[in-house]
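Analysis of the macromolecular model
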Amino acid sequence: MKRMWKGAAAALALTFICSAPAAAYEAFKGPLGLLQNHKGKTFEGYTLVTPQAATVTYLIDMNGEIVNEWKSDYTAFYAELLPNGNLARHSVLPEAWPGFGGYSGLLEEFDWSGKKVWEHKMFIPGKEVSHHTFEVMPNGNYLMLVWEYKSYEEALAKGLDPNFGGRCIFPDGMKIGGDTVLGIWPDLIREVDRKTGETVWEWHVWDHIGKGPDKLDINVFVTPKRARGQAGPDWTHFNGVAYNPKTDQVCVTSRSLAEVYVIDKKTGNIVFRWGNPANYGAGKAPSGYYDDGDQQLFGPHAPDWTVEGNITILNNGDGRPSSNYTSGVEIDPRTGKKVWEWEARNVGAIASNFYSFNQSGVQKLPNGNYLLTATQSGHVIEVTPQKEIVWEFINPMGKDNKVYATTGQHGQTQQLWVHKCMRYGKDDPRFADKDMSVKRKLMPEGTPDWVEVLNIAPVPDTFKPGK
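Residues numbered from 1 in each chain as written. Predicted model: local features only at pLDDT ≥ 70, side-chain atom pairs only at ≥ 80, totals over all residues. Heavy atoms only, no water.

As a further point, take the sheet that holds strand S21 (residues 311–315). The strand order across the open sheet built from four strands is S20-S21-S22-S23, with neighbouring strands paired in antiparallel fashion. In this open sheet, the two strands that pair with only one neighbour each are strand S20 (301–305) and strand S23 (337–343). Here the strands of the sheet are splayed against their neighbours by 20° on average, with no regard to which way each runs. In this structure, strand S22 (residues 327–332) lies alongside S23, joined through six bridges in antiparallel fashion. The residue bridging aspartate 332 from the neighbouring strand is lysine 337, located in S23. (Pairing = 2+ DSSP bridges. Helix = DSSP H or I, 4+ residues; strand = E, 2+ residues; numbered from the N terminus. Axes fitted to C-alpha atoms, helices over the stretch in contact; angles between N-to-C directions.)

In structure tokens form, the structure reads like this:
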């Protein structure tokens, strides 16, 4: 076994070295697990990984070894650690519907030992279903994203033009995944009391439909050529939510409308939006090949507030006319300007080497580094402000909690998807009274040490696109 892996490791390393742009890895076949760890440049801590095809969530150290894990009866969409070290997990109910990308329906909480201590179901057939990510608020409550049903007639009364621009809203519904979805399902944001499960605050897209910078136009939507469902019932498709206790503001991203919104929690007003000004007549829309217009975001995900009061966003790049590439972005909502951006592109080429069509996330770490996740490959990198890649990991856990050493070992249906990984500092209070020793190795017995085999230098991204 060791001899076989030695030969395979050498071949994979040669393939990687011959094809690798800059300092990140992306391939259809290649090694999984920990690929880079440049000590002294990383933010030391523990990384939470939630594979979407598995029922296990695991916490790894900087060497990619497991220090704790939690098992649910369900697959997951997303998870994070609570201040007391418990795991909060947005799990996928098999019966939840409609099945738009990101549907979940069940919030679970597990203690450090893996015992379930709380759950909250947010699925009412034909009425509502929770989806995507959540935010743990300082008071312990959860901010949740929910799709709510509105009838075709209600949509018409709100000003929807079903004959405009290929809109896919019909009186008798629309087929999605073999089933018919009736009406339209706009988003709402709900604050849920952690102790009682009761709703204590809500914000509804439905209450903010109209024209202008503080409204959402019901007749602005994704072209059906790109996403028929999002030209129809799944119109706004919010996918990430975050809360700023200093300003009492909530920010959310809309994949479909390619924007981030900041909402004043007290008034409910949209006080800032960024990414696609053509939505409200304040900028030029993309107009064909290579012309992005004034649009900045393309299929964005995972907004988060930084300690400076800025917002980080994972800009997937889906549908960008100039080329599809994924980037991590930090913007200042006070000025509407980018303050940092890392773009994943091959040196001197259009194609991306770190790309995900959907989902994904970015987390700004306390030392100023950024942890970026590309969902579709389960690919996680830590990038410095100077744009060096200093830590790299690819989730090896697939369906039925099976762990692989290389991507070539599993079939196409064995997805390694991870929505967004989270890094917690080594001295984080969550771990104060916990046993943080390595419990077991994540990778299969005999897997080569890919960090040693690949020996990747933390080369900064110096590619500058042509004008």
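Once you've had a look at it, read on.
Further remarks concern the side chain of asparagine 358. Inspection of the secondary structure assignment puts asparagine 358 in the loop between S23 and strand S24 (361–364). Not counting chain neighbours up to four residues away, the residues in contact with asparagine 358 comprise Arg255, His301, Asn316, Thr375, Gln376 and Trp417. (Contact = heavy atoms within 4.5 Å.)

A word on the packing of aromatic side chains. This model, assessed by the stated rule, comprises 15 aromatic pairs. Aromatic pair tyrosine 46 and phenylalanine 431: ring centres 5.2 Å apart, planes at 75°, arrangement edge-to-face. Placement of the pair is tyrosine 46 in strand S2 (residues 45–49) and phenylalanine 431 in the loop between strand S28 (422–425) and helix H3 (450–454), with a sequence separation of 385 residues. Taken as a pair, tyrosine 46 and phenylalanine 431 share a single burial class, namely buried. Ring centres of tryptophan 70 and tryptophan 112 lie 5.6 Å apart, and the angle between their planes is 85°; this geometry places the pair in the edge-to-face category. Of this pair, tryptophan 70 sits in strand S4 (residues 66–71) while tryptophan 112 sits in the loop between strand S7 (105–110) and strand S8 (116–121), and the two are 42 residues apart along the sequence. Through pairs of rings, three or more aromatic residues link up here, namely Tyr46, Trp70, Trp112, Tyr424 and Phe431. (Phe/Tyr/Trp six-rings, centres within 6.5 Å; stacked < 30°, edge-to-face > 60°. Buried < 20%, exposed > 50% of the residue type's maximum accessible area, 1.4 Å probe, protein only.)

Looking now at the nonpolar core. By size, the foremost hydrophobic cluster in this structure holds 40 residues, and its most contacted members are Leu143, Ile189, Trp203, Trp235, Val250 and Val252. Those elements that provide at least two residues to this core are strand S11 (142–148), helix H2 (152–157), strand S12 (174–176), strand S15 (199–204), strand S16 (238–244), strand S17 (249–254) and strand S18 (259–264). Contact partners of tryptophan 203, with chain neighbours within four places excluded, come to Leu188, Ile189, His208, Phe238, Ile263, Gly268 and Ile270. Core analysis: the next-biggest nonpolar cluster, separate from the first, contains 29 residues, Ala54, Val380, Leu442 and Met443 among them. (Core = buried A, V, L, I, M, F, W, Y, C linked by side-chain atoms within 4.5 Å.)

Taking strand neighbours across the sheet as the criterion, the four strands line up as S5-S6-S7-S8 in an open arrangement whose pairing is antiparallel. Each edge of the sheet is formed by a strand with only one pairing partner; in this case those strands are strand S5 (76–81) and S8. Averaged over all pairs of adjacent strands, the angle between strand axes in this sheet comes to 15°, irrespective of strand direction. Here S7 runs beside S8; their pairing, made up of five bridges, is antiparallel. If you follow glutamate 109 over to S8, its bridge partner there is tryptophan 118.

Remember that side chains alternate between the two faces of the sheet whenever the strand is regular. Most of S11 is tucked away, with seven of its seven residues classed as buried. Between strand S10 (residues 128–136) and S11, which pair antiparallel in sequence order, lie five residues; one of them, glycine 140, sits at a positive phi of approximately 90°. In this sheet, strand S14 (residues 187–192) lies alongside S11 in antiparallel orientation, the contact comprising six bridges. Among the inter-strand pairings, leucine 145 is bridged to a residue of S14, identified as isoleucine 189.

Taken over all residues, the pLDDT of the chain has a mean of 89, while the share at 70 or more is 88%. Scored below 50 in pLDDT, residues 1–11 makes eleven contacts in the model with residues more than four places away or belonging to other chains. Across residues 346–352, where pLDDT falls below 50, the model places 18 contacts with residues more than four positions away in sequence or in other chains. (pLDDT = per-residue confidence, 0-100.)

For threonine 407, the location among the structural elements is in the loop between strand S27 (389–394) and S28. In this structure the side chain of threonine 407 is engaged in a polar contact, spanning 2.7 Å, whose partner is the backbone nitrogen of glycine 30. (Polar contact = N/O pair within 3.5 Å; in protein donor to acceptor, adjacent residues only side chain to side chain.)

The omega torsion across tryptophan 97 and proline 98 is 5°, close enough to zero to call that bond cis. You can see proline 98 is positioned in the loop between strand S6 (87–92) and S7. With a phi close to 55°, histidine 132 is a non-glycine residue in the positive phi region. Considering the arrangement of structural elements, one finds histidine 132 in strand S10.

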